[in-house]
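# Observations on the model geometry
Residues per chain are reported as follows:
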Amino acid sequence: MTYTSIMEVAQINPTTALTQLARLKAPPPLVQPIITEMLWQGAQRDDPNTALREALALLLPVLTLDFAGLSRNRDGRWEQFCELGASRTCPPEILAEALDREESVIQGPWGAALLTPRGDQPEVLAVHGWDLRAFGSKVSQLPAAMDAVAAALGLARQQIQERQRWRQREERLLAMLQLAQEWSQAQEVAPLLQHMAEASTRLLHADRASIFLWDKPNQQLVARPALGVPGNELRIPDHVGIV
């Protein structure tokens, strides 16, 4: 599998994932078929969690595993957020070593590899259960295989998340255009302001919203509507600002 063919399968923009693609230039033959399938799933699926579980299911039989899972480091603590197979928890020191080295770690029945480059919440693929003797001469491929599989998982997930962000942005823009059309036909100010505030909470996933008007004669800022406030109105002196 070449650099070009991987990009074609995954529909990847190389300018956004150069580090990940570099890890996939020459994946071991042992895992080439499942990497192709993982990247294809990443280009087709809409739910990243479903794609991750499908990818882990591909991995188990190929590497003769009884467990595969993903762990995330949050504020110095590891938490497992996706797993398949037997109920297991990877030792945190193995996860930490994979994170520190930024390459795969093989320790007995355990293997671990960094999913994506370091970030606020780095994620690591952990696997368990392989019988190293069963691989024979292919055992030397395992570190590179783990690294390539983790990179493919990370890329597939990034592709799905990027599509989700663009879809959400498109939905917000379409909603705003529809609202603008409705507002242009409004005849009364009060219902229009109420509609605008309610639409803002939906589009921004907010709990409440207020639209402030300046009551110059009374030197007040008047929130009307003030969603979530008793009476649906809030008045404050215009010299104290909005709180």
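Because the structure is predicted, anything quoted here is derived from the model rather than measured. (Residues numbered from 1 in each chain as written. Predicted model: local features only at pLDDT ≥ 70, side-chain atom pairs only at ≥ 80, totals over all residues. Heavy atoms only, no water.)

### Some remarks on the sheet that holds strand 7 (residues 220-226)
Sheet architecture is open: three strands sit in the order 6-7-8, paired in antiparallel fashion. Both outer strands of the open sheet, strand 6 (210-215) and strand 8 (234-237), are each paired with one neighbouring strand and no more. Strand-to-strand twist in this sheet, taken as the mean axis angle between neighbours without regard to direction, amounts to 25°. Bridging between strand 7 and strand 8 involves four bridges; their strand directions are antiparallel. Among the inter-strand pairings, Leu221 is bridged to a residue of strand 8, identified as Ile236. (Pairing = 2+ DSSP bridges. Helix = DSSP H or I, 4+ residues; strand = E, 2+ residues; numbered from the N terminus. Axes fitted to C-alpha atoms, helices over the stretch in contact; angles between N-to-C directions.)

### Remarks on the packing of helix 6 (residues 142-184) against helix 7 (residues 189-204)
The interhelical angle for the contact between helix 6 and helix 7, taken along N-to-C directions, is 175°, at an axis separation of 11 Å. Relative to helix 7, the element helix 6 is oriented roughly antiparallel. Each of Arg172, Ala175, Met176, Leu179, Glu182 and Trp183 in helix 6 lies in contact with helix 7, whose residues at this interface are Leu192, His195, Met196, Ala199, Arg202 and Leu203. The residue makeup of the contact of helix 6 with helix 7, split by class, is eight nonpolar, one polar and three charged. (Parallel < 35°, antiparallel > 145°, perpendicular 65-115°, else oblique. Contact = heavy atoms within 4.5 Å. Nonpolar A, V, L, I, M, F, W, Y, C, P; charged D, E, K, R; others polar.)

### Focus: a nonpolar patch on the surface
Nonpolar side chains collect at one region of the surface, where Ile106, Leu132 and Val139 lie side by side and expose about 180 Å² of accessible area between them. The residue Val139 is located in the loop between strand 5 (123-128) and helix 6 in this model. Judged by its relative accessible area of 32%, Val139 is partly exposed. (Patch = residues over 30% accessible without salt bridge, like charges linked within 9 Å, V, L, I, M, F, W, Y side chains within 5 Å. Areas by Shrake-Rupley, 256 points an atom, 1.4 Å probe, with all protein chains shown as cover. Salt bridge = Lys/Arg side-chain N within 4 Å of Asp/Glu carboxyl O. Buried < 20%, exposed > 50% of the residue type's maximum accessible area, 1.4 Å probe, protein only.)

### Observations concerning the sheet that holds strand 3 (residues 105-107)
In spatial order, the strands read 2-1-5-4-3; together these five strands make up an open sheet with antiparallel pairing. Since the sheet does not close on itself, it has two edges, and those belong to strand 2 (77-85) and strand 3, each with one partner. The sheet shows a mean angle of 20° between the axes of neighbouring strands, direction not considered. Relative to strand 5, strand 1 (residues 67-74) runs antiparallel, the two being bridged by six bridges. In the sheet register, Arg72 faces strand 5, and the bridge partner there is Glu123.

Remember that the coordinates give geometry; whether it matters functionally is a separate question.
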